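Architecture and fold: a report
For reference, the chains in residue letters:
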Amino acid sequence: ADDNADMRAYVSRMLGQNFEVEAVVDGQAALEAARIHPPDLILSDIMMPRLDGFGLLRAVRGDPALQEIPVILLSARAGEESRIEGIEAGADDYLVKPFSARELIARVETHLKLARMRQEAKTALRESEYKLRTLIESMGEGLVQVDNEDCIQFVNHCLCEMVGYSEDELIGTDWSRLLLEEDRDLIKQVNERRRK
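Here goes a summary of the coordinates provided.

What counts, and where the lines are drawn
Residues numbered from 1 in each chain as written. Predicted model: local features only at pLDDT ≥ 70, side-chain atom pairs only at ≥ 80, totals over all residues. Heavy atoms only, no water. Core = buried A, V, L, I, M, F, W, Y, C linked by side-chain atoms within 4.5 Å. Buried < 20%, exposed > 50% of the residue type's maximum accessible area, 1.4 Å probe, protein only. Helix = DSSP H or I, 4+ residues; strand = E, 2+ residues; numbered from the N terminus. Pairing = 2+ DSSP bridges. Axes fitted to C-alpha atoms, helices over the stretch in contact; angles between N-to-C directions. Parallel < 35°, antiparallel > 145°, perpendicular 65-115°, else oblique. Left-handed = near helix turned anticlockwise from the far one by under 90°. Contact = heavy atoms within 4.5 Å. Nonpolar A, V, L, I, M, F, W, Y, C, P; charged D, E, K, R; others polar.

1. Concerning the nonpolar core
The biggest cluster of nonpolar side chains holds 21 residues, and the ones touching the most others in it are Leu 31, Ile 42, Leu 56, Val 60, Leu 66, Val 71 and Leu 73. Elements supplying a minimum of two residues to this core: helix H2 (27-36), helix H3 (53-61), strand E2 (71-75) and strand E3 (93-96).

2. A short note on unusual backbone geometry
Of note, the bond from Lys 97 into Pro 98 is cis; its omega dihedral lies within 30 degrees of zero at -5°. In this fold, Pro 98 is placed in the loop between E3 and helix H5 (101-137). Backbone geometry places Arg 50, a non-glycine residue, at a positive phi of 60°. The residue Arg 50 is located in the loop between strand E1 (42-45) and H3 in this model. The backbone of Asp 150 shows a phi angle near 65°, a positive value even though the residue is not glycine. Following the sequence through the fold, Asp 150 ends up in the loop between strand E4 (144-146) and strand E5 (152-155). Judged by relative accessible area, Asp 150 falls into the partly exposed class, the value being 31%.

3. Considerations on the sheet that holds E1
One open sheet holds the three strands; their spatial order is E1-E2-E3, and the pairing between them is parallel. Two strands close off the open sheet at either side, each with one partner strand: E1 and E3. Neighbour-to-neighbour, the strand axes of the sheet open up by a mean angle of 25°, direction not taken into account. As judged from the four bridges shared by E1 and E2, these two strands associate in the parallel manner. The residue bridging Ile 42 from the neighbouring strand is Val 71, located in E2.

4. Observations regarding the packing of H2 against H3
Between H2 and H3, whose axes approach to 9 Å, the crossing angle comes to 25°. Taken together, the axes of H2 and H3 are roughly parallel relative to one another. Our pair here, H2 against H3, has a crossing hand that is right-handed. Residues Gly 27, Ala 30, Leu 31 and Arg 35 of H2 lie in contact with H3, whose contacting residues are Leu 56, Ala 59 and Val 60. Each residue belonging to the contact of H2 with H3 can be placed in one class, and the counts come to five nonpolar, one polar and one charged.

The structure is reproduced here in structure tokens:
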């Protein structure tokens, strides 16, 4: 995304040798295009009409369907402060104009590889969580996981059947609701003694 036609043509020519490039005139057009066909990476100038680079970045990070797309900001503003401003705003990288073709291609390739690695790690984690959940559900024992505030984070199907509540009714609630009244008092006394 760049409102300068010469810059759009230059970047498209450079990156077009190795990547499929869609060049647009501003951040609003980039956002609309990304929502129709999410790209692998967004490369955006900062100073543009309608929606500037920071506005585009905020919109991308605020959209669950787009938020993980790497964003590289381009700017004529040099200096550490400008670069930090871009990174703190949520950009993955910040490139100062003028830049060399080699530097741009290297940064784009690096961020595409990192995004691919993150996606592979997320897929592996999802598969691992699925296998663990399948194992836990097949145990035939009631199981509950709580956090440091005694809030239920996870329950298996067997426990839900035992207590007569659905998973949705239990997640986020205090685990003591699963206990008999006399057991609640006992647990409360033990916790009070521990605190002393």
